[in-house]
Amino acid sequence: MSPQDVTLMRQAVELAHDNRLRGARPFGAVLVLANEVIATGINEIAHTHDPSTHAEMQAIRAATMARKNPSLAGATIYASGHPCPMCLAAILMTGIARVCFAFDNDDAAPYQLSSAGTYQRLRLSLTPPPLPIERVDTGISAAQLYGDAPWPDAAH
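Numbering of residues begins from 1 in every chain and follows the order in which that chain's sequence is written. The predicted origin of the model limits local features to residues at a pLDDT of at least 70 and limits the giving and counting of side-chain atom pairs to 80 or more, whereas totals for whole chains, interfaces and linings rest on all residues. Side-chain measures were taken over the full set of non-hydrogen atoms in the model, leaving aside hydrogen atoms and water.

Engineer: Even after reading the chapter, I still don't get the state of the cysteines, so can you show me in this structure?
Structural biologist: Here, disulfide denotes a covalent bond that connects the sulfur atoms of two cysteines. Criterion for a disulfide: a pair of cysteine sulfur atoms within 2.5 Å. According to the stated counting rule, one finds zero disulfides in the structure shown. Here C84 stays free of any disulfide, with the sulfur of C87 as its closest cysteine sulfur at 3.7 Å. Each residue is placed in one exposure class: buried if its accessible area under a 1.4 Å probe, protein chains only, is under 20% of its type's maximum, exposed if it is over 50%, and partly exposed if it falls in between. A residue is classified by how much of its surface remains accessible, and C87, at 0% relative accessible area, is buried.

Below you can see the structure in the form of structure tokens.
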């Protein structure tokens, strides 16, 4: 994990926090290709009523539309939460090479934000993972993003 990974993950978590402050679900994503941020996304379900508007999906949509190319081969996506099966499928289909996340399903479960149940219902296993998926610590806790713990002033 590099210092750049922490910086980009923190950006995804801050997008998620800002989205929560707007009354939406606390998820954000940053898509990077060749060390350049090419798109970001936030979970827009609360505003669009479209269940496919997860942060990762929105970042993928923005990037592929801007590039006029459905391939994101070699990219890395930084997601505030572990991608759900829908997002992971889109990540694989676009050729994204690496996934980094801040909070996993165990972190999200106490706040009813886990996708573990969907993985179970679909009988999908992440062992072994279909591509490199790694956790990146931002110094922000799940209780700060998902719960009522105070947001660190330095991060915002």
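Engineer: What should I look at first to understand the pattern of salt bridges in this one?
Structural biologist: If charged atoms from side chains of opposite charge come close, those side chains can pair. Just to be clear on terms, a salt bridge is a Lys or Arg side-chain nitrogen sitting within 4 Å of an Asp or Glu carboxyl oxygen. Overall, the coordinates contain five salt bridges when judged by the stated rule. Here R98 and D5 are joined by a salt bridge, their closest N and O atoms 2.8 Å apart. Linking R98 in strand β4 (residues 98-103) with D5 in helix α1 (residues 3-21), this pair joins segments that are 93 residues apart in sequence. Residues R98 and D5 agree in their burial class; the two are buried. Put simply, D5, R98 and E134 are held in one network by salt bridges that share partners. A run of DSSP states H or I qualifies as a helix once it reaches four residues; a run of E qualifies as a strand once it reaches two. Both are numbered from the N-terminal end.

Engineer: Help me out: how do you make sense of the sheet that holds strand β1 (residues 28-33) in this one?
Structural biologist: The pairing of strands in a sheet happens through backbone hydrogen bonds and is either parallel or antiparallel. Note on pairing: DSSP must find at least two bridges between two strands before they are called paired. With respect to topology, five strands assemble into an open sheet ordered β2-β1-β3-β4-β5, the strand pairing being mixed. The open sheet has two free edges, formed respectively by β2 (36-42) and β5 (133-135), since each of these has just one partner strand. Ignoring strand direction, the axes of neighbouring strands in this sheet form an average angle of 20°. Across three bridges, β4 lies against β5 in parallel orientation. Within β5, the position partnered with V99 by the bridge is I133. We call two residues in contact whenever any of their non-hydrogen atoms come within 4.5 Å of each other. Angles shown run from 0 to 180 degrees and are taken between the N-to-C directions of axes, each axis being a line fitted to C-alpha atoms and, for helices, limited to the stretch in contact. Strands in contact with α1 are β1, β2, β3 (76-81) and β4; relative to β1, the strand with the most contacts, it is inclined by about 145°. Packing against the sheet, helix α3 (residues 55-67) makes contact with β1, β2 and β3, and its axis sits at approximately 135° to β2.

By themselves these figures say nothing about function.
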